[in-house]
Amino acid sequence: MKRTLPMPAVIALMVVGFLVAAAGGYFVLIRPQHSKASSLQKQIADTQEAIDSARALTLQAKKAAQIRVADLFRLTKAMPDQTDMPDIVLELNKIAEDSGITFEQITPATTAVALSGYEAIPITVEFQGNFYELADFLYRLRNLVDVRHGALDANGRLFAIDTISFAEAPPPPGFPEIRAHLVIDAFVFGTGTAPTVEPAGAAPTGTTGATGATGTTGATGASGATGASGATTTPTTTTPTTTTPTASASPSGT
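Small disclaimer: the values here were computed from a predicted structure and weren't measured.

### Observations regarding the overall build of the protein
Part 1 of the reasoning: Helix and strand counts for the protein come out as 3 helices and 8 strands.
Part 2 of the reasoning: Starting at the N terminus and walking to the C terminus, you meet the elements of the protein as α-α-β-β-β-α-β-β-β-β-β.
Part 3 of the reasoning: Within the protein, buried positions represent 20% of all 254 residues.
Part 4 of the reasoning: Within the protein, contacts between residues at least 6 apart in sequence are counted, and of these 58% link residues at least 24 apart.

Here it is in structure tokens:
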């Protein structure tokens, strides 16, 4: 007679079979996919990190390029590589107008002074006003270009006061009005944009006369003017001829 297993044993065997099948399915099917999913997740994280790093470097490079371009623009505005004398005169007139000054005379030099990598163009200006207008003019001129917190700030061209002199204005109106005479230097980046002369203290290129004034042709006259080529012309002195009158014969009779 065939023995039958009790119902609890059958149920236990079925549960064990299901557990074995589930475990086998997990190890054969699910666990390998889990491992693949973890590997893919790691690859995704590494790729995202590389993308974030590349994006940060790109933003940093763009920001650095903008700073360099901005600095170059401000530097070019403060010291351009072209003379552009009409623009210089207009800018000086605008500053004078804002200071309440009207130039009576503004005379740019025809030659520049060659310095180390740049040139200085002297501009002579004269005006009549009061001391406060002069001080305001100098303040505005000085603040066109400045360095603030280590960064260049340029609102116009770079100027420097070479010489300044002022005295009481002749009457009328007299005191407190003053007459001021200034020599202002405008700067040009590079050399060769304008005819140049040697700066003060440099070795002369030719023979200099008594006054040391520099001309354009190089001929030196009586005043000792010297040109760019250094050729010297000796002045010719003409001595007037004096005629001594000859005594005439006395008349024979009275």
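### With respect to a nonpolar patch on the surface
Part 1 of the reasoning: A grouping of Tyr26, Phe27, Val28, Leu29 and Ile30 is seen on the molecular surface, where their side chains present a nonpolar patch of about 520 Å² in accessible area.
Part 2 of the reasoning: For phenylalanine 27, the location among the structural elements is in helix H1 (residues 7-78).

### So, the packing of helix H2 (residues 85-98) against helix H3 (residues 131-142)
Part 1 of the reasoning: Their axes nearest at 9 Å, the elements H2 and H3 cross at an angle of 135°. What the angle tells us is that H2 and H3 run oblique. When the axes of H2 and H3 are compared, the crossing they make is right-handed. Where H2 abuts H3, its residues Leu92, Ile95, Ala96 and Asp98 lie against Asp136, Phe137, Arg140 and Leu141.
Part 2 of the reasoning: A per-class count over the contact of H2 with H3 returns 5 nonpolar, no polar and 3 charged.

### Focus on the pattern of salt bridges
Part 1 of the reasoning: Within this structure, the stated rule accounts for 7 salt bridges.
Part 2 of the reasoning: Where arginine 179 meets glutamate 104, a salt bridge forms, and the shortest distance between an N and an O atom there is 2.6 Å. On the criterion of sequence distance, the pair formed by arginine 179 in strand S7 (residues 178-189) and glutamate 104 in strand S1 (residues 103-108) is long-range, its members being 75 residues apart.
Part 3 of the reasoning: Accessibility expressed as a relative area gives 31% for arginine 179, which makes it partly exposed.
Part 4 of the reasoning: When salt bridges with common partners are traced through the structure, they connect Arg142, Asp146, Arg148 and Asp153 into a single cluster.

### What to know about H2
Part 1 of the reasoning: With 14 residues, H2 extends 20 Å from end C-alpha to end C-alpha; this agrees with the ideal 20 Å at 1.5 Å per step.
Part 2 of the reasoning: Buried residues of H2: Met85, Ile88, Glu91, Leu92, Ile95 and Ala96, and no others. For H2, the angular spread of the buried residues around the axis is 135°, confining them to a single face. Exposed residues pointing more than 90 degrees away from the buried face of H2 are listed as Pro86, Leu90 and Glu97.
Part 3 of the reasoning: Along its buried surface, H2 packs onto S1, strand S3 (118-129), H3, strand S6 (159-168) and S7.
Part 4 of the reasoning: Looking at the residues trailing H2, positive phi occurs at glycine 100, about 85°.

### Topic: the nonpolar core
Part 1 of the reasoning: Within the largest apolar cluster, 26 residues are counted, with the highest numbers of intra-cluster contacts made by Leu92, Phe103, Phe137, Leu141, Phe159, Leu182 and Ile184.
Part 2 of the reasoning: Taken together, the elements giving at least two residues each to this core come down to H2, S3, H3 and S7.
Part 3 of the reasoning: Those residues in contact with leucine 92 that lie beyond four places of it in its chain are Phe103, Ile106, Ile123, Phe137, Leu141, Phe159 and Ile184.

Definitions and cut-offs
- Residues numbered from 1 in each chain as written.
- Predicted model: local features only at pLDDT ≥ 70, side-chain atom pairs only at ≥ 80, totals over all residues.
- Heavy atoms only, no water.
- Helix = DSSP H or I, 4+ residues; strand = E, 2+ residues; numbered from the N terminus.
- Buried < 20%, exposed > 50% of the residue type's maximum accessible area, 1.4 Å probe, protein only.
- Contact = heavy atoms within 4.5 Å.
- Patch = residues over 30% accessible without salt bridge, like charges linked within 9 Å, V, L, I, M, F, W, Y side chains within 5 Å.
- Areas by Shrake-Rupley, 256 points an atom, 1.4 Å probe, with all protein chains shown as cover.
- Salt bridge = Lys/Arg side-chain N within 4 Å of Asp/Glu carboxyl O.
- Axes fitted to C-alpha atoms, helices over the stretch in contact; angles between N-to-C directions.
- Parallel < 35°, antiparallel > 145°, perpendicular 65-115°, else oblique.
- Left-handed = near helix turned anticlockwise from the far one by under 90°.
- Nonpolar A, V, L, I, M, F, W, Y, C, P; charged D, E, K, R; others polar.
- Expected span 1.5 Å × (residues − 1).
- Arc of directions from axis to C-beta.
- Core = buried A, V, L, I, M, F, W, Y, C linked by side-chain atoms within 4.5 Å.

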